[in-house]
Amino acid sequence: MDVSPILDPLNEAQRDAVSASVGNTLVLAGAGSGKTRVLVHRIAWLLTVEEATPWSVLAVTFTNKAAKEMRGRIEELLGQPIGGMWVGTFHGLAHRLLRAHWKEAGLPQSFQILDSDDQFRMIKRILKSLDLDDAKWPPRQVQWFINGKKDEGLRAQHLDDGGDPYQHQMIRIYTEYQAACERGGMVDFAELLLRAHELWRDRADILQHYQARFRHVLVDEFQDTNAIQYAWLRLLTRGQDNLFVVGDDDQSIYGWRGAQVENIRNFEQNCSNSRMFKLEQNYRSTGNILNAANALIGNNPSRLGKQLWTADGEGDPINLYSAFNEVDEARFVIERIRQFISDGNSRSESAILYRTSAQSRIFEEALVQSAIPYRVYGGLRFFERAEIRDAMAYLRLLNNPDDDAAFERAVNMPPRGIGPKTVDAVRAHARDFNVSLWVATAELLKGGAMPRRAANSLQGFLDLVEELRIDTAALDLPEKVEQVLAASRLPEHFEKSRDGKGQDRKENLEELVNATRQFGYEAHADEEMDELSSFLSHAALEAGEAQGDPFEDCVQLMTLHSAKGLEFPLVFLVGVEEGLFPHSMSADDPERLEEERRLCYVGVTRAMQTLYMSHAESRRLHGQENYPRPSRFLREIPSSLMREIRSGPQVTQPLYSKPARAYTDESVGFSLGQRVIHPKFGEGVVLNAEGQGRSARVQVNFETEGSKWLVVAYANLSPC
Ligand code: ATP
Ligand code: MG
């Protein structure tokens, strides 16, 4: 047996961890030190040296993409396929388990996954049916409450309101919501985990089967497991001493969603006979990037404490760009990416990382204008687009007519004369008789009490779905989708839409057919589902990890949260401003501020060679102009590691300025973003400019007086 391909590419500490005897093991190490690599090599080691079968290994990764990569890398190391191994996210694995044991888990065989948008709508519906005011009971808050409780393993009946009317109402909504889910055979994301846990907790026979099967359980990004995920892992590995986890407490960034960094801090206490390995050499980033990351995270008081070093050189300093506004920031970034590509690098080696997904739009527009292909991860995802959801609603109804969320979506889309009153009547009947909307409609139609026109339209809808089900039963998935699109008349409807996106929307629908073609049913065939169910689950679970053709060379755009575990030669960390990053909601809470700082640490450590950090002096956010200060995180990085890039004259023109606004620097005498002082209005920032010569005007935002347009020749402005 030749273990050299497995051990040779590792350093000594990594080798120790990979070749440790089987037992509870924690690899605790900073970013880019090879944790994920250790996990992959550990699996290869188990399969060769410990003679484990692929069938006996369960590995949890952070994304489906990571799972795919892990599989590929293990197969490469071993030179053979490893079918039968369970590799996936917690949600993906829980889903797989529930598909295999739907009956024991108390689910209908065709249970459907409710993604967070469906869940939101469902909650809105429940609030309405309970006569609760949306304004007083914001659906997002309710959603947060329900998911939070599920993540803690709590069902409505476990909760006690303690006499608090707010809690009382929340528990009531949770109860109603869950009843509606059960009626429709719907499972939300948090429910996947909770139910998978309950399945093992309550069915000793099933648990024993999996305990006997999974002799090796490995987890990447362990610092971000939440209570229910941890409990699930503990059940599986109870008494077995076979849990191998890797993680970094400094990269715990899901505390706001219930992740418990204590799981990693207390690993040694909680797991018997455990060993810990530390890795300290970083292989990813240059010295400067690493030192910046170390300095930044050093500001967090509660850490396990780790030292990272690199054998690499210092590399370039970290580039800091102060943009005058968000448009200038985008222009700057795109310009640098263009340069990077023209130097012969591939686009996918560059990434733009931001704190909130709304920030992507401006970069997307700039990339489109520059005709540079890009891909957004975790933004508005393909499967989340309205038109795609509408089409999916029909597919879901074919699969399960009791899917209320799909019914609501499709019943009057495209419009077929079924008004809100009619739908209300259907909802009321469904509630009164505790049946699905589909059944309620059929019963109402049979009862004959509906007004004629409404009855005709509803009957038309039921017939349409019924006929589609029969006509497409024997077709394969892409043909099925084509026929559903044609019969639903959704493409025609969207083509006519007046928002200027008609063509896009129609093309997206066509893309859905492609998506089903690329789906590769065989790859998912072990999930014990028919092709349509398998595709629908795939769409709900994997939505948004990637869009478009994964093989196309694209600039990568994503939120910092989605960037975890990844690495890129060129990274732009944008919008590094107070209020945005750290986020305004976290700045006053020390714990949340620490989490923001960890997020920044994650961002910085994604960069291999070159890192740009940028902030804008003015930013339009939620329709308002803001003048944020640069983030404290920038100050926490030693200035000796930074190189400031000033906006030169070429930078002072807004990217999308209207022709009338175009101006040259000289004609106005001030650059955009420049601080100026006015004898009467005081200090301000130049936001905009137009005209030339004696008619040149500038718009200045004054600290006390607000924004004003001034004629330069008369304004007596001076730089300050
Ligand atoms: P993160 O905390 O960001 O998830 P990580 O600790 O999982 O990072 P990896 O992604 O496994 O780190 O490794 C970082 C980079 O260093 C990868 O490109 C990996 O291939 C490389 N690397 C890791 N160990 C070695 C090694 N011993 N020799 C050469 N390259 C290595
Ligand atoms: Mg990793």
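Predicted model, so just to flag it, every value in this text is computed and none were measured. (Residues numbered from 1 in each chain as written. Chains lettered and ligands numbered in written order. Predicted model: local features only at pLDDT ≥ 70, side-chain atom pairs only at ≥ 80, totals over all residues. Heavy atoms only, no water.)

### A few points about the overall build of the protein
Right, on to step 1. Broken down by element type, the protein carries 29 helices and 21 strands.
Right, on to step 2. Taken over the C-alpha trace, the protein has a radius of gyration of 28 Å; the compact-globule value for 720 residues is 27 Å, and the two agree within 12%.
Right, on to step 3. Of all 720 residues assigned to the protein, the portion counted as buried reaches 55%.
Right, on to step 4. Across the protein, every contact between residues at least 6 apart in sequence was considered, and the portion connecting residues at least 24 apart equals 73%.
Right, on to step 5. Split by element, the accessible area of the protein, about 31300 Å² in all, is 48% carbon and sulfur.
Right, on to step 6. One finds the centroid of the 83 positive side-chain charges in the protein at a distance of 4 Å from the centroid of its 103 negative side-chain charges. (Helix = DSSP H or I, 4+ residues; strand = E, 2+ residues; numbered from the N terminus. Rg over C-alpha atoms; globule rule 2.2 N^0.38 Å. Buried < 20%, exposed > 50% of the residue type's maximum accessible area, 1.4 Å probe, protein only. Contact = heavy atoms within 4.5 Å. Areas by Shrake-Rupley, 256 points an atom, 1.4 Å probe, with all protein chains shown as cover. Lys, Arg positive; Asp, Glu negative; His and termini not counted. Charge placed at Lys NZ, Arg CZ, Asp CG, Glu CD.)

### A short note on the sheet that holds strand β21 (residues 718–719)
Right, on to step 1. Taken in spatial order, the five strands line up as β20-β19-β18-β17-β21 in an open sheet, and their pairing is antiparallel. In this open sheet, the two edge strands, each paired with only one partner strand, are β20 (706–711) and β21.
Right, on to step 2. Relative to strand β18 (residues 682–690), strand β17 (residues 675–678) runs antiparallel, the two being bridged by four bridges. Following the sheet pairing, isoleucine 677 is matched in β18 by glutamate 683. (Pairing = 2+ DSSP bridges.)

### Topic: the packing of aromatic side chains
Right, on to step 1. According to the stated counting rule, one finds 20 aromatic pairs in the structure shown.
Right, on to step 2. Seen in terms of ring centroids, tryptophan 86 and tyrosine 210 are 5.9 Å apart; in terms of plane orientation they differ by 50°. Their pairing is tilted. Note that tryptophan 86 is positioned in strand β3 (residues 86–88) and tyrosine 210 in helix α10 (residues 204–213), a separation of 124 residues in sequence.
Right, on to step 3. A residue is classified by how much of its surface remains accessible, and tryptophan 86, at 6% relative accessible area, is buried.
Right, on to step 4. Looking at tyrosine 210, the relative accessible area reads 4%, which means it is buried.
Right, on to step 5. Taken together, a centroid distance of 5.5 Å and an interplanar angle of 85° make the contact between phenylalanine 407 and phenylalanine 461 edge-to-face. Placement of the pair is phenylalanine 407 in helix α18 (residues 404–410) and phenylalanine 461 in helix α21 (residues 452–472), with a sequence separation of 54 residues.
Right, on to step 6. The exposure class of phenylalanine 461 is buried, given its relative accessible area of 0%.
Right, on to step 7. Members of the aromatic cluster, each reached through a chain of ring pairs, are Trp86, Phe90, Trp200, Tyr210, Phe214 and Trp232.
Right, on to step 8. Stacked on the ring of phenylalanine 111, the Lys or Arg arginine 99 has its end atom at 3.8 Å from the ring centre.
Right, on to step 9. The ring of phenylalanine 120 carries the charged tip of arginine 140 above its face, separated from the ring centre by 4.0 Å. (Phe/Tyr/Trp six-rings, centres within 6.5 Å; stacked < 30°, edge-to-face > 60°. Lys NZ or Arg CZ within 6 Å of the ring centre and 35° of its normal.)

### Quick notes on the UniProt feature "binding site: ATP" (unreviewed entry) in the protein
Right, on to step 1. Taken from the UniProt record, the annotation "binding site: ATP" (unreviewed entry) applies to Ala29, Gly30, Ala31, Gly32, Ser33, Gly34, Lys35 and Thr36.
Right, on to step 2. Relative to the helices and strands, alanine 29 resides in strand β1 (residues 25–29).
Right, on to step 3. Positionally, lysine 35 belongs in helix α3 (residues 35–48).
Right, on to step 4. Residue classification places lysine 35 among the buried residues on the basis of a relative accessible area of 10%.
Right, on to step 5. Setting aside chain neighbours within four positions, we find lysine 35 in contact with Val27, Ala29, Gly30, Val246, Gly247, Asp248, Gln251 and Leu279. (UniProt positions renumbered as here; feature names shortened; annotations may be inferred.)

### Here we look at the site of ligand 1
Right, on to step 1. As a structural note, the neighbourhood of ligand 1 is formed by 19 residues, with Lys35, Thr36, Gln251, Glu567 and Arg606 the closest of them.
Right, on to step 2. Side-chain polar atom of glutamine 14 to a nitrogen atom of ligand 1: 2.8 Å apart, as the coordinates give it.
Right, on to step 3. The backbone of glycine 32 places a nitrogen or oxygen atom 2.9 Å from an oxygen atom of ligand 1.
Right, on to step 4. For ligand 1, whose accessible area on its own is 640 Å², the fraction buried by protein is 84%.
Right, on to step 5. Broken down by element, the residue count for the shell around ligand 1 peaks at three residues, all from α3.
Right, on to step 6. Of the residues that constitute the shell around ligand 1, the class distribution is four nonpolar, nine polar and six charged. (Near = heavy atom within 4 Å. Polar contact = N/O pair within 3.5 Å; in protein donor to acceptor, adjacent residues only side chain to side chain. Nonpolar A, V, L, I, M, F, W, Y, C, P; charged D, E, K, R; others polar.)

### Quick notes on the pairing of strand β19 (residues 697–702)
Right, on to step 1. By the criterion of burial, β19 is predominantly enclosed, with five of the six residues buried.
Right, on to step 2. Here six bridges tie β18 to β19, and the two strands are oriented antiparallel to one another. Residue pairing for β19: valine 685 is matched across the bridge by asparagine 701.
Right, on to step 3. Strand direction decides the pairing type here: β19 and β20, joined by six bridges, are antiparallel. Residue valine 700 lies in a different strand from β20, and its bridge partner there is lysine 708.
Right, on to step 4. A loop of three residues connects β19 with β20, the two strands running antiparallel in sequence.

### Digging into the environment of arginine 121
Right, on to step 1. Mapped onto the fold, arginine 121 is located in helix α6 (residues 116–129).
Right, on to step 2. For the pair arginine 121 and glutamate 408, spaced 287 residues apart in sequence, the C-alpha to C-alpha distance is 9.3 Å.

### Considerations on unusual backbone geometry
Right, on to step 1. In this structure, the amide linkage connecting methionine 413 to the following residue, proline 414, adopts the cis form with an omega of -5°.
Right, on to step 2. At glutamate 51, a residue that is not glycine, the phi angle is positive and equals roughly 55°.
Right, on to step 3. Structurally, glutamate 51 is set in the loop between α3 and β2 (57–60).
Right, on to step 4. Here the phi dihedral of aspartate 241 falls at roughly 50°; this positive angle occurs in a residue that is not glycine.
Right, on to step 5. Considering the arrangement of structural elements, one finds aspartate 241 in the loop between α11 (227–237) and β7 (243–247).
Right, on to step 6. Assessed through its relative accessible area of 22%, aspartate 241 is described here as partly exposed.

### Observations concerning the environment of aspartate 151
Right, on to step 1. Along the chain, aspartate 151 turns up in helix α7 (residues 139–151).
Right, on to step 2. Given the relative accessible area of 14%, aspartate 151 is considered buried.
Right, on to step 3. When the C-alpha atoms of aspartate 151 and alanine 259 are compared, they prove to be 9.2 Å apart, with 108 residues separating the residues in sequence.
Right, on to step 4. Contacts of aspartate 151, omitting those with residues within four sequence positions, involve Ala190, Asn226, Ala227, Ile228 and Arg257.

### Thoughts on the domain arrangement of the protein
Right, on to step 1. One can read the domain layout of the protein as domain 1 (4–101 + 193–281), domain 2 (112–184), domain 3 (297–379 + 550–645), domain 4 (382–542) and domain 5 (675–719).
Right, on to step 2. Distance between the C-alpha centres of domain 3 and domain 4: 40 Å. (Domains from an automatic or database assignment.)

### Points about empty space enclosed by the protein
The rolling of a water-molecule-sized probe over the atoms marks out the regions of remaining empty space.
Right, on to step 1. In the structure shown here, the tally under the stated rule is four cavities of 30 Å³ or more.
Right, on to step 2. Of the volumes computed, that of the largest cavity is approximately 130 Å³.
Right, on to step 3. Lining the largest cavity are 12 residues, and of these Asp115, Met392, Arg396, Ala539 and Ala540 sit closest to its centre.
Right, on to step 4. At the level of secondary structure, the elements contributing two or more residues to the lining of the largest cavity comprise β4 (112–114), α17 (386–399) and α25 (531–542). (1 Å grid on protein atoms, 1.4 Å probe; cavity = no way out; pocket = protein on both sides within 12 Å on 5 of 7 lines; lining within 4 Å. Points joined across faces, edges and corners; volume = space filled by probe spheres on them.)

### Looking at the environment of serine 640
Right, on to step 1. Within the secondary structure, serine 640 is located in the loop between α27 (632–635) and β16 (642–645).
Right, on to step 2. Looking at serine 640, the relative accessible area reads 65%, which means it is exposed.
Right, on to step 3. Sequence separation of serine 640 and proline 317 is 323 residues, and the distance between their C-alpha atoms is 8.2 Å.

### Some thoughts on the side chain of asparagine 226
Right, on to step 1. Among the secondary structure elements, asparagine 226 is positioned in the loop between β6 (216–219) and α11.
Right, on to step 2. You can call asparagine 226 buried: its relative accessible area is 7%.
Right, on to step 3. From its side chain, asparagine 226 meets the backbone nitrogen of isoleucine 228 in a polar contact 3.2 Å long.
Right, on to step 4. Residue contacts for asparagine 226: discarding those within four places in its chain leaves Asp151, Arg257, Gly258, Ala259, Gln260 and Asn263.

### A closer look at the side chain of threonine 225
Right, on to step 1. For threonine 225, the location among the structural elements is in the loop between β6 and α11.
Right, on to step 2. Apart from the residues within four sequence positions on either side, threonine 225 is in contact with Phe90, Val219, Ala259, Gln260 and Asn263.

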